Amino acid sequence: MNGKKRHTGLWFLPGILPAGFSLFSYRKLHGKQKRAAADVFFCEALKKRDGILVPGALVKNGVIGAQLKDRLDGALRLYRASIGKFILISGTRKEVKFMKMYLLFRGIPQENIYEDREGLDTFRTMKNTCSAFPGKSFYVCTQKLYVPRTDYLAEAAGLNAHAVISDSVIYQSRHKDRIREYFAASGTAGGRVYQWTGIRL
């Protein structure tokens with residue numbers, strides 16, 4: 001009997017150990033945040049930077065999702081307050097297309113909108129930005145949930161950037177977002193910089 005109990009306990013280890021490591025990694029990453037994230041609604045207190053970065057998010061049937069809309073509206077607020085000189089939009093080709101239209105329709109000059117159509121995940125967005133704008137500083141408009149990982153990935157990519165909170169509503173997908181962010185952040189803090197399938201910061 002004792003032998004069977006020990007065998008049963010060992011059988012659970014492959015599931016328990018990864019779960020424990022994921023929790024440790026998640027807490028490690030979200031505990032790394034060394035500063036209070038700024039909010040775009042109080043942007044007057046922010047120091048000026050070179051640019052404003054907007055990572056892509058859901059665009060479905062030609063309609064920009066609530067999170068992406070908030071990021072774009074946050075970028076508009078920073079730009080109009082002269083906190084950044086230009087806006088860089090990054091994501092898939094479809095996302096960038098509709099993001100650009102959104103900004104143009106709201107009066108942002110085309111020459112002050114830059115595109116990264118190869119920002120297929122957050123880390124690649126940071127790397128592409130660092131390569132295209134060496135030495136430039138950025139604010140990254142994103143949701144509060146993603147701030148720790150955004151700052152972590154920017155630093156890992158060598159980009160001088162800080163995330164700013166752009167939330168204006170409580171999102172319907174918030175529970176699903178938290179679960180996805182748990183796995184994405186766990187992998188990132190564990191030393192593997194990757195995006196959980198379907199997650200866009």
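All figures in this text were calculated on a predicted structure; none of them were measured in a lab.

About the cut-offs
- Residues numbered from 1 in each chain as written.
- Predicted model: local features only at pLDDT ≥ 70, side-chain atom pairs only at ≥ 80, totals over all residues.
- Heavy atoms only, no water.
- Pairing = 2+ DSSP bridges.
- Helix = DSSP H or I, 4+ residues; strand = E, 2+ residues; numbered from the N terminus.
- Right-handed = clockwise from strand over helix to strand, strands pointing away.
- Buried < 20%, exposed > 50% of the residue type's maximum accessible area, 1.4 Å probe, protein only.
- Axes fitted to C-alpha atoms, helices over the stretch in contact; angles between N-to-C directions.
- Parallel < 35°, antiparallel > 145°, perpendicular 65-115°, else oblique.
- Left-handed = near helix turned anticlockwise from the far one by under 90°.
- Contact = heavy atoms within 4.5 Å.
- Disulfide = S-S within 2.5 Å.

(A) Examining the pairing of strand β8 (residues 160-165) more closely. Two elements, strand β1 (residues 38-39) and β8, share 2 bridges in a ladder whose sense is parallel. By the bridge assignment for β8, D39 is matched with I165. Inspection of the sheet shows strand β7 (residues 137-142) paired to β8 by 6 bridges, in the parallel sense. Within β8, the residue paired with C141 across the bridge is V164. Following the chain from β7 across helix α5 (residues 147-157) to the adjacent parallel β8, one finds a crossover that is right-handed.

(B) Up close: the pairing of strand β5 (residues 86-90). The buried fraction of β5 is high, at 5 of 5 residues. Alternating residues of β5 divide into F86, L88 and S90 and I87 and I89, and every residue in both groups is buried. Two strands pair when backbone bridges link them, and strand β2 (residues 51-55) and β5 are joined in this way by 5 bridges, in the parallel orientation. Directly across from V54, in β5, lies its bridge partner I89. Note: β5 against strand β6 (residues 113-116), 4 bridges, orientation parallel. Within β6, the position partnered with S90 by the bridge is D116. What joins β5 to β6 is helix α3 (residues 93-105), and the crossover it makes is right-handed.

(C) The arrangement of the packing of helix α2 (residues 66-80) against α3 in detail. The geometry of α2 relative to α3 is characterised by a closest axis approach of 11 Å and an angle of 45° between their N-to-C directions. When the axis of α2 is compared with that of α3, the two are oblique. Our pair here, α2 against α3, has a crossing hand that is right-handed. When α2 is examined against α3, the residues L68, K69, L72, D73 and L76 are found in contact with a partner set consisting of M99, Y102 and L103.

(D) Region of the structure containing the sheet that holds β7. Pairing in this open sheet of 6 strands is parallel, and the strands run β1-β8-β7-β2-β5-β6 from one edge to the other. The sheet is open, and its two edges are formed by β1 and β6, each paired on a single side. Docked against the sheet, α3 engages β2, β5 and β6, running at close to 155° with respect to β5. Strand contacts of helix α4 (residues 122-132): β2, β5, β6 and β7, with the helix running at about 150° to β2, the strand carrying the most contacts.

(E) The state of the cysteines, seen in detail. Enumeration according to the criterion identifies 0 disulfides in this entry. Of the cysteine sulfurs around C43, a residue in no disulfide, the closest is that of C141, at 9.6 Å.

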